[in-house]
Each structure stands twice: as C-alpha cells, then as structure tokens.
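As a plain string of letters, each chain reads:
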2 protein chains.
Amino acid sequence: MPARPTDGTPYAAAHAEGKRALRTLALDTASTLLEQHGPAALTMRRIAAEMGCSTTVLYTIFGSKSGIAETLWREGFARLRTALEEARGPDPLARLAAMGHAYRRNALANRAYYSIMFQRPIPGFQPSEQARAESLEPLRVLADAVADCLDAGVFERGEPDYIARVLWAASHGAVSLELADYEGAADAEQRFDDLIGAAAAWFMPERPARPDVPAPRPRP
Amino acid sequence: MPARPTDGTPYAAAHAEGKRALRTLALDTASTLLEQHGPAALTMRRIAAEMGCSTTVLYTIFGSKSGIAETLWREGFARLRTALEEARGPDPLARLAAMGHAYRRNALANRAYYSIMFQRPIPGFQPSEQARAESLEPLRVLADAVADCLDAGVFERGEPDYIARVLWAASHGAVSLELADYEGAADAEQRFDDLIGAAAAWFMPERPARPDVPAPRPRP
DNA sequence: GCACTATAGTAACGTTGTTTTCATACGACG
DNA sequence: CGTCGTATGAAAACAACGTTACTATAGTGC
C-alpha cells in the first residue's frame, strides 16, 4: 500500500505539480549552469547547491547524471526542431534556405546544447534509444521541406530522406568547424552558405547561379 | 649547480635517450589504451599501471593529463596529414577525390583519435595555440591539392584556402555524423561521396556528371 | 495509533586528477 | 673520497566527482 496520495484528489494534483516544479527547477538550473559555465560545470553537487538541496533529490528525479544529460540532449534537439519548423519562405527552396540559416543560428545561439548534442563532453553519457529516435525529428522536418522541393521540381531526383541527410551533414560540418573555431571563423557564414548551396545545387536539374566568390585567382 | 649530466657527454646522450624512451612508452601505452578501450579508459593511474610505474612519472614528463591529451591530439592530426599526403591520382581532381576518401578512411580507422580531435571527451583539455596551429597542416595539404586544381582549370574561381575549408567542412560533417551513427550509417559512404562531390562541383566551371542517385521519386 | 512508503539530508565509498612527502640515486665539487 | 644539491620516483594525501547506504521525517491507508 503506497504512501502516494490517491489519484484524482486535489492534493494528488498539487503533489504532482510540486514534483513537476522541482523537476523544472532542476532542469532550469542545469540548463543555466550549462550555458553560462559550460559542460564542465554541470556537476551533481553544483546543480544541487545552486538549487539549495542535496544531490539525493537529483537522483530521485533523474536516476543519474546521464538522466539529466539526456534531458538536456533532448531539449537541444527540441530547440533545433522548433528553429527549423519556424523557418518560412515564399517558395519551397527559399524555405529550405531559411532552414539552413535557422540551423546555424540555433547552433550559435545554443553552443552549449550543441556541444552536448554532437560532442561528448559528459563522460559516460549515451542517449537512450528513445532519445535517439526523438532526435531524428529535426531531420524529418528537413526532409519534409526537401520533399516539397522535389514536388515543386526544384530538386530533380533522389529520396527526400537521403537529400535531407546530405544537407544535414553539410550544415553540421560547417557549423561544427565554426564552433570549434578550428581555423578562424572569419568567413564562416559565407562558407556555410556556399556549402549548403553546393549541396542543394547538386540535386537540382540545373546548377543555379552562384553568389560571388572571392576574387578569381590569377592563373600563371 | 644542477645534477643533470653535463651536456655533450655520452652519458648525457644515454640519459636523454632514456627519457625519450620513457616518453615514447608512455605515449604508446596511452595510445593503445585510447584505441582499445576508448577515451574513458585514458586515466593517469591506468596508464601508469600499464607501464608499471607511478603516476608521478607521467606528471614529470607531461605536466598534466592535458599534456598527454595534447600529444595524442597532435598525433591524430599528424595521421590525418599523412593520410592526405599519401593520396595519389592521375590528375589534380582525381588526387583531390583520393584525399576525400583518405580523410574518411583515416577517420574510420582512427575513431578514438578522431574523437579526441573533434569531440571533447577529455574534460578540461584544450589544445595549446601551437598545437592548434599545427593542426592546420592537413588543411594546408588539402589547399595545395585545391590550388593544383585551380591551376589545371578544374576549378574556376575562389581562393584555394577557402575552397579547402569548404571541402574540409563537407568531409567533417559527413564523417562526423557517420561516426556518431546518428541516423543509421547504411548509405554513409554514398552520402560522403555525394557531399564532397557537390562541394567540389560548386567551384567548377561546369557541373560534372553526377553518379546515379537512388531511383527518381515519382511526382504526383 | 500503527505500519509502511516515499522522500530528503548526511555521510560515506570508490575513483578521478593532482600535489605533497619522503627516500634515493647520481653528477658536481671540495 | 665524501659531501652537497638536484632530479626523480614511489606512496600517500587531497579535493572533487558520481553514486550509494544510512537515517530521519512526513504523510497515506488501515
């Protein structure tokens, strides 16, 4: 016989809401810590201290640190999905281009989340199968936009899923190097646009006009 | 007055060689540990135990764990550079394509190193400025091959450095997602080829013939 | 009132990177 | 040859981490 309040009573609702509030507070704290001090600052003790409770609470809510990491991981993909969904454009191709910019903008605005999603800054954390499945939703959003382009004849051939994965890899590659600041991100935006444009053009019946590239190189 | 043997004596040479041997042994041990058991197994105590000494030795040689990580980081980029340098082809474009495959092959064959290079599995490790500069060498190798393509007229316009960075981002994006096994790596190789091909084609005067893509999608 | 369960705080355990302590070995120098 | 000083390495200690008992308490159902 459980000590949990009987379901349906007003008290049970309040009780459940308290738990939700606790969970939300924990996630907010973890999220703030992550964004302001990076993944290294994301320790159980620190989250608990910031909340003003002991670490036990975190373990009853999330089970382990991986539980928190997974929630943040999913939050990162949820933000990405929302960012992609909000992309608009007068025609399918413009909408796809808007998605590209949304991808980059979201990554730059949520660097810490992006690192949790695609790097492995939290030792021992591996997303569950369910979380992995969920993380494919942004890709599905992208694939829908690609399908629209195929229907409109903007793209010539190929499976929407496959094309979306190619575009995804292009976005990720460009953004990933930009975030790593691997080689001075001076022309990072142009590189992003070029790579995405190149990948998209690859699937079009005719290659579209390319934006200006740095001055032509003199040939000897 | 130091207890270090006077420079120039045979003993000094032997002494220095002993230090080199020790350093090499430590790196070999760390490297093996990294490749066989992943970054998580790369602990100071374990490296020391595997070598048969105490952790103090590692600290006198490398200063800190980051010192070891940095050496492995550089080793990873050195392998990548070698892999790219060894790429051959009958003409500039073929050589560039060979470099693309070399990039992917090297990454797949050295997953642990690739993760050290582009993920952050070792908390607190950040490559030094010098190491970062050194890590740009593979990019320079790529840029040289791009320059050859420009000279040969295979590429139409653009700075070799810039084009190389775009190709680099494409390679990294495709390989990175493949290694993360982000969405089933069934057609990972084709995706890699397509993305690299698309990026390269972007800078050519005429779009080259594209290899076959999955069956055309029926339009409603 | 009583038993039982869920929860939270305290303190511990084992492991990590790192530092300290201490002993020892060995070149330099009187 | 003996002493000094420095470099080096082993052992242990330290701080911080994730995690797990242990304990107390509060609240539900009988």
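Residues numbered from 1 in each chain as written. Chains lettered and ligands numbered in written order. Predicted model: local features only at pLDDT ≥ 70, side-chain atom pairs only at ≥ 80, totals over all residues.

K.L.:
Mind laying out the UniProt feature "domain: HTH tetR-type" (unreviewed entry) in chain A, listing which residues take part and the relevant values?
P.N.:
With numbering matched to this structure, UniProt assigns "domain: HTH tetR-type" (unreviewed entry) to residues 20–80 of chain A. With 82% helix and 0% strand, residues 20–80 of chain A has end C-alpha atoms that lie 24 Å from one another. (UniProt positions renumbered as here; feature names shortened; annotations may be inferred. Helix = DSSP H or I, 4+ residues; strand = E, 2+ residues; numbered from the N terminus.)

K.L.:
Describe the interface of chain A and chain B, naming the residues involved and giving the relevant values.
P.N.:
Between chain A and chain B, the residue contacts involve 42 residues of the former and 43 residues of the latter. Looking at side-chain class alone, the side of chain A that touches chain B contains 23 nonpolar, 6 polar and 13 charged residues. (Contact = placed C-beta atoms within 7 Å. Nonpolar A, V, L, I, M, F, W, Y, C, P; charged D, E, K, R; others polar.)

K.L.:
Account for the domain arrangement of chain A, with residues named and values stated.
P.N.:
Residues and elements named next belong to chain A. When the domains of chain A are assigned, the result is domain 1 (10–63) and domain 2 (66–201). One C-alpha centre belongs to domain 1, the other to domain 2, and the line joining them spans 29 Å. On the domain 2 side, the residues contacting the 11 residues of domain 1 number 9 residues. Breaking the side of domain 1 that touches domain 2 down by element, the ones donating at least two residues are α1 (10–37) and α3 (55–62). Of the residues forming the side of domain 1 that touches domain 2, the biggest block, 5 residues, is contributed by α1. For the side of domain 1 that touches domain 2, a count of residues per class yields 7 nonpolar, 3 polar and 1 charged. (Domains from an automatic or database assignment.)

K.L.:
Which residues make up helix α8 (residues 137–151) of chain A, and what are the values?
P.N.:
Residues and elements named next belong to chain A. Here α8 is 15 residues long and its end C-alpha atoms lie 21 Å apart, about the 21 Å a rise of 1.5 Å per residue gives. Taken together, the buried positions of α8 are occupied by P138, L139, V141, L142, A143, A145, V146, C149 and L150. In this fold, the buried residues of α8 make contact with α4 (65–85), α5 (92–109) and α9 (160–180). Just downstream of α8, G153 is the residue with a positive phi angle, here 80°. (Expected span 1.5 Å × (residues − 1). Buried ≥ 20, exposed ≤ 12 C-beta atoms within 10 Å, placed from the backbone.)

K.L.:
Before we move on, could you go through the relation of the copies chain A and chain B and cite the residues and values that matter?
P.N.:
Note on the identical chains: chain A maps onto chain B by a rotation of 179° and an axial translation of 0.0 Å, with an RMSD of 0.2 Å. Interpreted geometrically, this transformation is the action of a two-fold axis. The rotation axis passes nearest to the C-alpha of A:G173 in chain A, at a distance of 1.8 Å. Here 100% of the interface residues in chain A have copies in chain B that are interface residues too; the copies meet face to matching face. (Least-squares fit on C-alpha atoms with pLDDT ≥ 70 in both.)

K.L.:
Talk me through helix α4 (residues 65–85) of chain B; I want residue IDs and the actual numbers.
P.N.:
In this model, α4(B) (21 residues) spans 30 Å end to end at C-alpha, consistent with the 30 Å of a helix rising 1.5 Å per residue. By the burial criterion, the buried members of α4(B) are B:K65, B:I68, B:A69, B:E70, B:L72, B:W73, B:G76, B:F77, B:L80, B:R81, B:A83 and B:L84.

K.L.:
Give a description of the UniProt feature "DNA-binding region" (unreviewed entry) in chain A that names residues and reports values.
P.N.:
Taken from the UniProt record, the annotation "DNA-binding region" (unreviewed entry) applies to residues 43–62 of chain A. Taken end to end, residues 43–62 of chain A is 80% helix and 0% strand, and its first and last C-alpha atoms sit 13 Å apart.

K.L.:
Describe the nonpolar core, listing the residues and the values that go with them.
P.N.:
The nonpolar side chains of a soluble globular protein tend to be buried, and buried together. If you look at the biggest cluster of nonpolar residues, it comprises 114 residues, and the most contacted ones within it are A:L142, A:L195, A:A199, B:L142, B:L195 and B:A199. Dropping the residues within four chain positions of it, A:L195 is found in contact with A:A170, A:G173, A:A174, B:V166, B:A169, B:A170 and B:A199. (Core = buried A, V, L, I, M, F, W, Y, C linked by C-beta atoms within 7 Å.)

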